[in-house]
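Coordinates in review
Here's the letter readout for the chains.
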Amino acid sequence: METYGPFAALYDSFMEETPYKEWIDYVYAILVEHNITDGLLLELGCGTGRITEAFGTLGYDMIGIDISEEMLEIAMDKARKNHSSSLYLLQDMREFELYGTVGAVISLCDSMNYLLEEEDMIEVIRLVNNYLDPKGLFIFDLKTDHYYKNVMGNKVFGDNKENGSFIWDNYYFEEEKINEYALTIFSKLENGLYEKSEELHHQRAYSLEEVKAIIEAGGMEFVVAYGEGGRTLPTKDCNRMYIVAREKGK
């Protein structure tokens, strides 16, 4: 599983237009519907802690897990500035460990798409089930095959900010359902010069049928799937789907 390195320092500035608040409000509404309004909440793939810290302001005691040390450094800096009690752990979601159970687990911003093998996703589901309170929820999103094929496709993207710039070279392998993106990053240094670095990332698209089978294989109960942030079933042309699964005994 790839991690964000040099791009971590630029991540937040280049994600300014990402609809974080919409995602947070959407997931929070699902949690409230299931009477999960406080207590411990775990975010897998928490990145720079933007979502983790937001849920902390909603009354949850937050734990964030990520595999990128660079991203977690930024998350912990946010926690210090916000005087929050969020706990951040440097762990691989495929092997994560907690000291006890939590009321719910969330994973947003397509973190689960980084699991390229079904066996890895099954293991994550198994671990989540193990660390959830009885009947606790796992809510996660996934980018779809439609998004990778028809929105991202074989395209090149770029952006430039005051603190740096990047080039995103995207390619989608339709048969394998693997999306590859090569990042070329130019980070601005204190002396005004730029440092070039490169990162290569891969994500996989999963069908709803595959996700249901994976959840069952991981020992959890599939509850519902929503498409594109609404409350209807995912369609073939939705860009993102939300999955809700429930703890099913240990």
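Residues numbered from 1 in each chain as written. Predicted model: local features only at pLDDT ≥ 70, side-chain atom pairs only at ≥ 80, totals over all residues. Heavy atoms only, no water.

Overview of the packing of aromatic side chains
For any pair of aromatic rings, the description consists of the separation of the ring centres together with the inter-plane angle of the planes. A full pass over the atoms with the stated rule returns 11 aromatic pairs. Following the ring pairs from residue to residue traces out a cluster consisting of Tyr26, Tyr226 and Tyr242. In this arrangement the basic side chain of arginine 231 is found over the ring face of tyrosine 226, its NZ or CZ atom lying 5.1 Å from the centre. (Phe/Tyr/Trp six-rings, centres within 6.5 Å; stacked < 30°, edge-to-face > 60°. Lys NZ or Arg CZ within 6 Å of the ring centre and 35° of its normal.)

A look at the sheet that holds strand β6 (residues 156–161)
Strand order in the open sheet formed by 4 strands is β6-β7-β8-β9, and the pairing between neighbours is antiparallel. Where the open sheet ends on each side, the last strands, each with one partner, are β6 and β9 (194–204). Adjacent strand axes in the sheet meet at a mean angle of 15° when their direction is disregarded. Inspection of the sheet shows β6 paired to strand β7 (residues 164–173) by 6 bridges, in the antiparallel sense. Along β7, the bridge assignment pairs glycine 158 with isoleucine 167. In the packing of helix α6 (residues 145–152) onto the sheet, the strands contacted are β6, β7, β8 (178–188) and β9, and the crossing angle to β7 comes to about 115°. (Pairing = 2+ DSSP bridges. Helix = DSSP H or I, 4+ residues; strand = E, 2+ residues; numbered from the N terminus. Axes fitted to C-alpha atoms, helices over the stretch in contact; angles between N-to-C directions. Contact = heavy atoms within 4.5 Å.)

Focus on helix α7 (residues 208–217)
Listed as buried for α7 are Leu208, Val211, Ile214 and Ile215. Buried residues of α7, viewed axially, fall in a sector of 120°; they line one side. Opposite the buried face of α7, at more than 90 degrees from it, the exposed residues are Glu209, Glu216 and Ala217. Glycine 219 lies just past α7 and shows a positive phi near 90°. (Buried < 20%, exposed > 50% of the residue type's maximum accessible area, 1.4 Å probe, protein only. Arc of directions from axis to C-beta.)

Details of the pairing of β9
Examined bridge by bridge, β8 and β9 share 11 bridges and lie antiparallel to one another. When the sheet's bridge partners are listed, threonine 184 is paired in β9 with glutamate 198. Counted between consecutive antiparallel strands, the loop separating β8 from β9 contains 5 residues, among which glycine 192 sits at a positive phi close to 90°.

Examining the nonpolar core
If you look at the biggest cluster of nonpolar residues, it comprises 32 residues, and the most contacted ones within it are Leu44 and Phe138. Elements supplying a minimum of two residues to this core: β1 (39–44), β2 (60–66), β4 (102–107), α5 (118–131), β5 (132–143), α7 and β11 (240–246). Among the elements that line this core, the one with the most residues is α5, at 6 residues. Other than its neighbours up to four places away in sequence, phenylalanine 138 contacts Leu44, Val105, Ile106, Ser107, Met112, Ile125, Val128, Leu132, Met220, Ile243, Val244 and Ala245. With 22 residues, the next largest nonpolar core counts Ala104, Leu108, Cys109 and Leu137 among its residues. (Core = buried A, V, L, I, M, F, W, Y, C linked by side-chain atoms within 4.5 Å.)

Description of unusual backbone geometry
The phi dihedral of histidine 83 falls on the positive side, at around 55°, and the residue is not glycine. Mapped onto the elements, histidine 83 comes out in the loop between α4 (69–82) and β3 (87–90). For histidine 83, a relative accessible area of 73% translates into the label exposed. Non-glycine residue lysine 177 carries a positive phi angle of around 60°. Summarising the element assignment, lysine 177 is placed in the loop between β7 and β8. A residue is classified by how much of its surface remains accessible, and lysine 177, at 26% relative accessible area, is partly exposed.

Everything listed is a geometric property; what it means functionally is a separate question.
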